[in-house]
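Spelled out, the chains give:
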Amino acid sequence: MRRRRVGVLISGRGSNMAALIRAAAVADYPAEVALVVSNRPDAAGLEIARRAGIAATAIDHRPFRGDRGAHERVIDAALREAGVEILCLAGYMRLLTPFLVTAWRGRMLNIHPSLLPAFPELDTHARALAGGVKLHGCTVHVVTEQMDAGLILAQAAVPVLAGDTAETLAARVLRLEHAVYPAALAAFCRNEAGRAAAEGSWFANPLPDAAPLP
Ligand code: GRF
């Protein structure tokens, strides 16, 4: 099957982007990373992508102050120029306008560090701890106008342990993100982007199977 051309939007560290690049280095992975775009020129992820031989560019949002749509139109043009078919948000810390959401409807994915619909938006790990939940995790979903509310493609959970801090919990979830995002993207590609994404739904459970009852 033809490998789908994927664009990745980042703002910083880029560890999920790196996980996608790593996955796409495997020959039968159904996607290739065609372009990485950061809204921050100093994003560490840009250098990681370039070192991996991936085209990576900064499109700074600051000159577009007050006109997020204009910034997105430049990003959109770069993505189209690179022949991008599917767009993955990976720690992209800008609110999207309806322009980008509409332009990539059904073809834009995001990874969020909680088990949505619990804990949308920011500070998910601290809120999970404060809420006393016993399971926490991450979600890959289709991006829609409403933040963190699109169709869920994949989720995976980790236990919240006694003594966890927001940092230890974040690190445990992040390791999971690096497995779940590439797997969800692969499932999405194999189901043909744009088709009922629910067909690609699956649930990743990293915990070992429970021992059978005696
Ligand atoms: C991740 O926790 C992701 O779930 C969230 O932003 C963070 C990005 O981290 N959307 P990285 O830049 O991929 O390392």
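**Student:** What am I meant to see in the packing of helix H1 (residues 15–24) against helix H6 (residues 166–190) here?
**Tutor:** The relative placement of two packed helices is expressed as an angle between their axes plus a distance between the axes. Their axes nearest at 9 Å, the elements H1 and H6 cross at an angle of 45°. With respect to H6, the element H1 is oriented oblique. You can see that H1 and H6 cross each other, and the crossing is right-handed. Counted together, Ser-15, Asn-16, Ala-19, Leu-20 and Ala-23 of H1 and Leu-174, Glu-177, His-178, Tyr-181, Pro-182 and Leu-185 of H6 form the full contact between these two elements. Class assignment for the residues of the contact of H1 with H6 results in seven nonpolar, three polar and one charged.

**Student:** Sorry, what's going on with the site of the ligand here?
**Tutor:** Inspection of the region around the ligand gives Arg-13, Gly-14, Ser-15, Asn-16, Gly-91, Ile-111, His-112, Pro-113 and Glu-177 as its neighbouring residues. Take Gly-14: an N or O atom from its main chain is 2.8 Å from an oxygen atom of the ligand. One of the side-chain N or O atoms of Ser-15 is found 2.5 Å from an oxygen atom in the ligand. In isolation the ligand exposes 370 Å². Once the protein is present, 85% of that is buried. Elements that contribute at least two residues to the shell around the ligand include exactly H1 and strand S5 (108–112). Counted by class, the shell around the ligand contains two nonpolar, five polar and two charged residues.

**Student:** Sorry if this is basic, but what is going on with the environment of Arg-13 here?
**Tutor:** Tracing the sequence through the fold places Arg-13 in the loop between strand S1 (4–10) and H1. What makes Arg-13 exposed here is its relative accessible area of 57%. Separated by 34 residues in the primary sequence, Arg-13 and Glu-47 have C-alpha atoms spaced 9.8 Å apart. Apart from residues lying up to four places away in sequence, Arg-13 is in contact with Ala-44, Gly-45, Ile-48 and Leu-174.

**Student:** Mind showing me how you'd approach the nonpolar core here?
**Tutor:** The nonpolar side chains of soluble globular proteins are, as a tendency, buried together. By size, the foremost hydrophobic cluster in this structure holds 39 residues, and its most contacted members are Val-8, Met-17, Val-36, Leu-109, Val-140, Tyr-181 and Leu-185. No other element matches H6, which puts nine residues into this core. Setting aside anything within four residues of it in sequence, one finds Leu-109 in contact with Leu-87, Cys-88, Leu-89, Val-140, His-141, Val-142, Val-143, Leu-153, Tyr-181, Leu-185 and Phe-188. Grouped together as the second largest cluster of nonpolar side chains are 16 residues, Leu-9, Leu-35, Ile-59 and Tyr-92 included.

**Student:** What am I meant to see in the pattern of salt bridges here?
**Tutor:** Across all of its chains, the model carries eight salt bridges by this definition. Arg-4 serves as the salt-bridge partner of Glu-85, at 3.3 Å between the closest nitrogen and oxygen. Residue Glu-85 is located in the loop between helix H3 (68–81) and strand S4 (86–89), and its partner Arg-4 is located in strand S1; the two are separated by 81 residues in the primary sequence. In this structure Glu-85 comes out as buried when scored by relative accessible area, which is 18%. We classify Arg-4 as buried; its relative accessible area is 15%. Note that Arg-172 is salt-bridged to Asp-164, the shortest N-O span being 2.7 Å. Both residues of the pair, Arg-172 and Asp-164, belong to the buried class. Each of the salt bridges in this network shares a partner with another, and the network as a whole consists of Arg-2, Arg-4 and Glu-85.

Cut-offs used in this document
Residues numbered from 1 in each chain as written. Predicted model: local features only at pLDDT ≥ 70, side-chain atom pairs only at ≥ 80, totals over all residues. Heavy atoms only, no water. Axes fitted to C-alpha atoms, helices over the stretch in contact; angles between N-to-C directions. Helix = DSSP H or I, 4+ residues; strand = E, 2+ residues; numbered from the N terminus. Parallel < 35°, antiparallel > 145°, perpendicular 65-115°, else oblique. Left-handed = near helix turned anticlockwise from the far one by under 90°. Contact = heavy atoms within 4.5 Å. Nonpolar A, V, L, I, M, F, W, Y, C, P; charged D, E, K, R; others polar. Near = heavy atom within 4 Å. Polar contact = N/O pair within 3.5 Å; in protein donor to acceptor, adjacent residues only side chain to side chain. Areas by Shrake-Rupley, 256 points an atom, 1.4 Å probe, with all protein chains shown as cover. Buried < 20%, exposed > 50% of the residue type's maximum accessible area, 1.4 Å probe, protein only. Core = buried A, V, L, I, M, F, W, Y, C linked by side-chain atoms within 4.5 Å. Salt bridge = Lys/Arg side-chain N within 4 Å of Asp/Glu carboxyl O.

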